[in-house]
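Single-letter residue listing:
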Amino acid sequence: KKKILTKSKIKVNDVLLAIPSSGLHSNGYSLVRNLLQKKKIKLNNSKLKKELIKPTKIYVDEITKLNKLNLINGCANITGGGLKDNLIRILPDGMRLNINYNKIKILKIFKWFKSLGISQYEMLKTFNCGIGFCIVVKKKNISKVKKIFSKNYQPYEIGLFEKGKKKIVTYGKINW
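What comes next concerns the included structure.

1. Observations regarding the sheet that holds strand S1 (residues 15-20)
(1) Moving on: The mixed open sheet is built from 6 strands, whose spatial order is S2-S4-S1-S5-S3-S6. Each having just a single partner strand, strand S2 (74-77) and strand S6 (167-171) make up the two edges of the open sheet. Between one strand axis and the next, the sheet turns by 25° as a mean value, whatever way the strands run.
(2) Moving on: Across 4 bridges, the pairing between S1 and strand S5 (residues 156-163) is antiparallel. By the bridge assignment for S5, Val 15 is matched with Leu 160.

Pasting the structure below:
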């Protein structure tokens, strides 16, 4: 029971780390299908086909290890709904989460979809845009946390928890 992650473990000055996704995961395939039909894009492009069927990265081994080592205070799977809808669920009362869009590392597939005319709002709401999972850690534990992940899934800082009205504040600009 001591290892169960609850909102009460998240503290002021904890940081939000983004863990890269392997691609689309299970997000937005209806939108992708619609876009491919609308733009008359054929799937004979092997790069695109390969990207669309890429297996979803599952983070259970890394998260279990981090939890056993008491290195995380919270976590959220980033699925449909994007960052805001998934992270608001872990945000404790009396705390605000500031997310810096400048720091988000957008995968090429999402840059390509954006170039086809999908709005930024839809991109952020429907897709993970390169973030598959988020974890909340103490700043002093970042280097220990990074050692648990392979090279392709190195977590990186995108946010900070502060005292304030319960909400998520975003700033900066996404580099599409």
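Read on for the rest.
2. Quick look at empty space enclosed by the protein
(1) Moving on: In this structure the tally under the stated criterion is 1 cavity of 30 Å³ or more.
(2) Moving on: Empty space within the largest cavity amounts to approximately 50 Å³.
(3) Moving on: What lines the largest cavity is Ile 78, Gly 82, Leu 83, Ile 104, Leu 124, Phe 127, Asn 128, Cys 129 and Ile 131.
(4) Moving on: In terms of residue class, the lining of the largest cavity is built from 7 nonpolar, 2 polar and no charged.

3. Details of the side chain of Asn 98
(1) Moving on: Its place among the elements puts Asn 98 in strand S3 (residues 95-100).
(2) Moving on: For Asn 98, the side chain forms a polar contact with the side chain of Arg 96, separated by 3.2 Å.
(3) Moving on: Within the structure, the side chain of Asn 98 is placed 2.9 Å from the side chain of Glu 162, a separation counted as a polar contact.
(4) Moving on: Not counting chain neighbours up to four residues away, the residues in contact with Asn 98 comprise Ile 158, Gly 159, Leu 160, Glu 162, Val 169 and Tyr 171.

4. Regarding the layout of surface pockets
(1) Moving on: In this structure, the second largest pocket occupies an estimated 180 Å³ of space.
(2) Moving on: Together, Gly 81, Gly 82, Leu 83, Lys 84, Asp 85, Tyr 101, Tyr 121, Leu 124 and Lys 125 line the second largest pocket.
(3) Moving on: For the lining of the second largest pocket, the secondary structure elements donating two or more residues are helix H4 (82-87) and helix H6 (120-126).
(4) Moving on: Split into classes, the residues belonging to the lining of the second largest pocket amount to 4 nonpolar, 2 polar and 3 charged.

5. Structural notes on the nonpolar core
(1) Moving on: Formed by 38 residues in total, the largest nonpolar core has its most connected members in Leu 87 and Phe 113.
(2) Moving on: Excluding its chain neighbours within four sequence positions, the residues that come into contact with Phe 113 are Leu 24, Val 32, Leu 35, Leu 52, Ile 118, Met 123 and Phe 127.

6. Remarks on the pattern of salt bridges
(1) Moving on: By the definition in use, this model includes 6 salt bridges.
(2) Moving on: Among the salt bridges present, the one from Lys 166 reaches Asp 93, with a minimum N-O distance of 3.7 Å. Of this pair, Lys 166 sits in the loop between S5 and S6 while Asp 93 sits in the loop between H4 and S3, and the two are 73 residues apart along the sequence.
(3) Moving on: Classification of Lys 166 as partly exposed rests on a relative accessible area of 32%.
(4) Moving on: What makes Asp 93 exposed here is its relative accessible area of 67%.
(5) Moving on: Across the pair Arg 96 and Glu 162 runs a salt bridge, and its minimum N-O distance is 2.3 Å. Here Glu 162 lies in strand S5 and Arg 96 lies in strand S3, a separation of 66 residues in the sequence.
(6) Moving on: For Glu 162, a relative accessible area of 24% puts it in the partly exposed group.

7. Topic: the packing of aromatic side chains
(1) Moving on: Following the criterion strictly, the structure yields 5 aromatic pairs and no others.
(2) Moving on: When the centroid spacing of 5.2 Å and the interplanar angle of 55° are considered together, the rings of Trp 112 and Phe 113 count as tilted.
(3) Moving on: Judged by its relative accessible area of 0%, Phe 113 is buried.
(4) Moving on: Taken together, a centroid distance of 5.6 Å and an interplanar angle of 0° make the contact between Phe 113 and Phe 127 stacked. One end of the pair, Phe 113, is in helix H5 (residues 108-115); the other, Phe 127, is in the loop between H6 and strand S4 (131-137), with 14 residues separating them in the sequence.
(5) Moving on: Take Phe 127: its relative accessible area is 1%, and that puts it in the buried class.
(6) Moving on: Members of the aromatic cluster, connected to one another through ring pairs, are Phe 110, Trp 112, Phe 113 and Phe 127.

Scoring rules and cut-offs
- Residues numbered from 1 in each chain as written.
- Predicted model: local features only at pLDDT ≥ 70, side-chain atom pairs only at ≥ 80, totals over all residues.
- Heavy atoms only, no water.
- Pairing = 2+ DSSP bridges.
- Helix = DSSP H or I, 4+ residues; strand = E, 2+ residues; numbered from the N terminus.
- Axes fitted to C-alpha atoms, helices over the stretch in contact; angles between N-to-C directions.
- 1 Å grid on protein atoms, 1.4 Å probe; cavity = no way out; pocket = protein on both sides within 12 Å on 5 of 7 lines; lining within 4 Å.
- Points joined across faces, edges and corners; volume = space filled by probe spheres on them.
- Nonpolar A, V, L, I, M, F, W, Y, C, P; charged D, E, K, R; others polar.
- Polar contact = N/O pair within 3.5 Å; in protein donor to acceptor, adjacent residues only side chain to side chain.
- Contact = heavy atoms within 4.5 Å.
- Core = buried A, V, L, I, M, F, W, Y, C linked by side-chain atoms within 4.5 Å.
- Buried < 20%, exposed > 50% of the residue type's maximum accessible area, 1.4 Å probe, protein only.
- Salt bridge = Lys/Arg side-chain N within 4 Å of Asp/Glu carboxyl O.
- Phe/Tyr/Trp six-rings, centres within 6.5 Å; stacked < 30°, edge-to-face > 60°.

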